[in-house]
Structures are given as C-alpha cells and as structure tokens.
Amino acid sequence: MPDDHRPRVFDLDAVRTDGWFERIGEGIGSFQALCEILGERFFAFSIIVGARITALTVDRRNPDLSLVDFVVGVRESDDNLEPQRLTLADFRRRLVGALLVEDDKETAAPARDTEIEVIQLYIGVRYLLLAPLYGYSLRRLAIGGPDGKRIVVLHDGIEETHELDAFRSRIRALVREELERLASGSRSAIDLSKVAEAEVASKNSEWGKVIQLLGSWPAPLAIFLRTPEGQSLSAEARNLISTGLGILGSACVAVGELEQAEEVFRIGIQYAQEGAAAADLFRRLGEALLESERPGEAIGPLRRALAFGGPAAAVMPALARAFLMRKKWVAAYACLQGALEAGVAQSAISPELEDVESALGGPLIGWKELVPPR
C-alpha cells in the first residue's frame, strides 16, 4: 500500500528561471544604461510586474528626480494603455509595493511533474523570477508529509531547505531591503570625507564598516561619470574617488562579494584613468579575479598595474599565481624572479617557486647552469 504520509516531490528543472534577466538583456540595446539609471534589480522588478518603460528623462544632479514614463500591460493592447509618469524614487517605490502584495487566493497543489503551469502558480510566478536575482536556484518542491510544503534551493552553491511560505517571506524581505538600502544611501550618497574614515576601517579589517560608509557610491558614480560635471572633475577629486572605490572593492572581496568587487574596481579605474591610482585599482581587480578562480582574466589587469607603475613587489606575486593557475610555467618563473628582485622575501613565495621548479624540472636546472645568477 502507498504511504500517504510520504511527501510528493516535484523536480523544478522545468520551471527554474536562472539567468532569465541576463537573457532578456541580450535583446535590449539600452539594457546597460537602464540598469545603471534604474538600478539593475529595479529594472528586473519592472519587467516582473509588467511595467514597460517608454521614456526616461534623467536629472543628472539629482537622479531620484529623474522622470520615468511607463505603461503597465502587454504590447498588443498599447493603444488602450494609459501612459504614466513618476519620479524615479516614486517608480521604485511603486515597483516594490506591487511585489510585496501577498496573494490571498489559494492555488491548487500539483499532482504530477508535468503540470508545469500548476507548479508555477503554486510557488508563485513572481517568486520564480525574483529568486535568481538573489542567488537562489530552485531545485525541488515537496508537498505533504509531516513537514508540509517545503522548497529545496541552491544558494551560493549550498543546498538549503525552506518552508514554502517562509521562503516567499524571505524573498519579499530582500525586495523590501532593496528600497531601504537605496533610501538610506541616497541621503549622503557621495561624501568624499568618508574616504579617510574608510581607510582607517580597512586597516583594521572592519569590512562591514567600510561597506556601510562607501557602499552607496557605485551606482551614482557610474552615472555621474557620464555627466559634464563628472568629466570635468579635478585630478584630486578623481584620485580620492578612485581611492575610496579601491577600498570598497577590497572590502567586498573580503566578505565574499566578488562580482560586486569587480564592478566597483572597474568604476574606480574609469575615475583613476592613469598613474598610481589606476595601478592600484588594476592590481586589486586582478587579485579579485584570482580570488574568483579566473586567472586568465586576471593577467590583463595585473599587467596593466605594472604598466601604470604599480610596485613590482605587490604585483609580481599575484601575476605569478595567475600564470601558475594557467600552467604557464616559464612566465610564472619569470614573475617570481621579478618579485625576488623587487625585494619580496623568498619565504613568501616559496610554495610557488617549488611548484614551478617541479613543473619545469631538468630544463630549468640546465638553464640555471648556463646563466650566471644576477
């Protein structure tokens, strides 16, 4: 006899929406610009609630007062849709409000894996689309049994199980925090006096404090750089901004937010342009890419750091590790020798030296015998 107490388990492969926002972006020419002006997640929210943006009037001095023209509905009925206009701040609040409305209507539970639409409605279509924005990949749905309704997800590569209603509440809380974070950051988005305080916090490894001080910078700075005022900034202001972004990016690396760190460093590089500040940011970017196990991508920024005058003692060990991870043994050996010549202690890079010497073997020994030590 079947066990009525065993939960019914449904695989969610057919309803999982991982990467949906990025795929949509591939077909929208203005995708990146809209992400920078609206905020990436707010642009995704607009798609989820069906708010189609028809025009944007950007206020460069106060981005929150930018005007958003939009319609809500499907393209086929455009003639019957009433255009609406809100400031960017009000538009974001409208989007969050629409996503936070809880459904009162009970939906029927699915009976089979093939009931795709029933499974979608049971979980909630908005949650299927919101979950990937926050790193959740839906795997299985279990209904019945002593645990009731449970959903199994992957989050940052770790499998988690949540009660379904609790998971929906968690997603709604993340959406709400998006607006709260923006509101708190906009009160003093770019205060250059915070850089000195952030430097002290960074030296004390107080990464959370660094993010609290400077975490609101990237989005407005990315927009500001495209304005006449941003283009005419003094060298001193550019250096201070790039220094702050360098500190923020390193804090993101320290707390494991590697994608955010990469974005912050790239914005900082645009402000630094050249010189020691650019060299420092290229080095930090290369190290972040190494941390993400992307050594091939790290090589370019690390070479740029050297080209802009970055200290070999700081850059060469990281560049050597990038070549090592790519199994470019000769290049790695040359970088390690460069590090030693720049004053790096041999003990600091001895594991890398051992790996390279082991990989090169006899040819390296023969070369050393032919070439006198420097």
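These figures come from a predicted structure and were not determined experimentally.

Another aspect to go through is the overall build of the chain. A tally of helices and strands in the chain yields 19 helices and 7 strands. Expressed as a percentage of the 374 residues in the chain, the buried residues total 40%. Long-range contacts, defined here as pairs at least 24 residues apart, represent 52% of the contacts in the chain between residues at least 6 apart. Within the structure as shown, the chain displays about 20,400 Å² of accessible surface, and the carbon and sulfur contribution to it stands at 51%. In the chain, which carries 43 positive and 55 negative side-chain charges, the distance between the mean positions of the two groups comes to 2 Å.

Going through the model one piece at a time under the given rule, you end up with 8 aromatic pairs. Taken together, a centroid distance of 5.0 Å and an interplanar angle of 55° make the contact between Phe-21 and Phe-31 tilted. Of this pair, Phe-21 sits in helix H1 (residues 20-25) while Phe-31 is found in helix H2 (residues 31-38), placing the two residues 10 residues apart along the sequence. Aromatic pair Tyr-136 and Phe-167: ring centres 5.3 Å apart, planes at 85°, arrangement edge-to-face. Of this pair, Tyr-136 sits in strand S5 (residues 136-143) while Phe-167 sits in helix H7 (residues 164-186), and the two are 31 residues apart along the sequence.

In this structure, Ser-242 sits in helix H12 (residues 235-254). With near-sequence residues (within four places) excluded, Ser-242 lies in contact with Gly-268, Tyr-271, Ala-272, Ala-277 and Leu-281.

The grouping of Glu-22, Glu-26, Glu-40, Glu-259 and Glu-263 at the surface amounts to a negative patch. On the secondary structure map, Glu-263 appears in helix H13 (residues 258-272). When its relative accessible area of 40% is taken as the criterion, Glu-263 is described as partly exposed.

Strand pairing in a sheet relies on backbone hydrogen bonds. The paired strands run either parallel or antiparallel. Spatially, 3 strands are ordered S2-S3-S4 in an open sheet, and the strand pairing comes out antiparallel. Two strands lie at the open edges of the sheet, namely strand S2 (51-57) and strand S4 (84-87), each paired on one side alone. The mean angle between the axes of side-by-side strands here comes to 30°, regardless of whether they run parallel or antiparallel. Relative to S4, strand S3 (residues 67-72) runs antiparallel, the two being bridged by 4 bridges.

So, how was this worked out
- Residues numbered from 1 in each chain as written.
- Predicted model: local features only at pLDDT ≥ 70, side-chain atom pairs only at ≥ 80, totals over all residues.
- Heavy atoms only, no water.
- Helix = DSSP H or I, 4+ residues; strand = E, 2+ residues; numbered from the N terminus.
- Buried < 20%, exposed > 50% of the residue type's maximum accessible area, 1.4 Å probe, protein only.
- Contact = heavy atoms within 4.5 Å.
- Areas by Shrake-Rupley, 256 points an atom, 1.4 Å probe, with all protein chains shown as cover.
- Lys, Arg positive; Asp, Glu negative; His and termini not counted.
- Charge placed at Lys NZ, Arg CZ, Asp CG, Glu CD.
- Phe/Tyr/Trp six-rings, centres within 6.5 Å; stacked < 30°, edge-to-face > 60°.
- Patch = residues over 30% accessible without salt bridge, like charges linked within 9 Å, V, L, I, M, F, W, Y side chains within 5 Å.
- Salt bridge = Lys/Arg side-chain N within 4 Å of Asp/Glu carboxyl O.
- Pairing = 2+ DSSP bridges.
- Axes fitted to C-alpha atoms, helices over the stretch in contact; angles between N-to-C directions.

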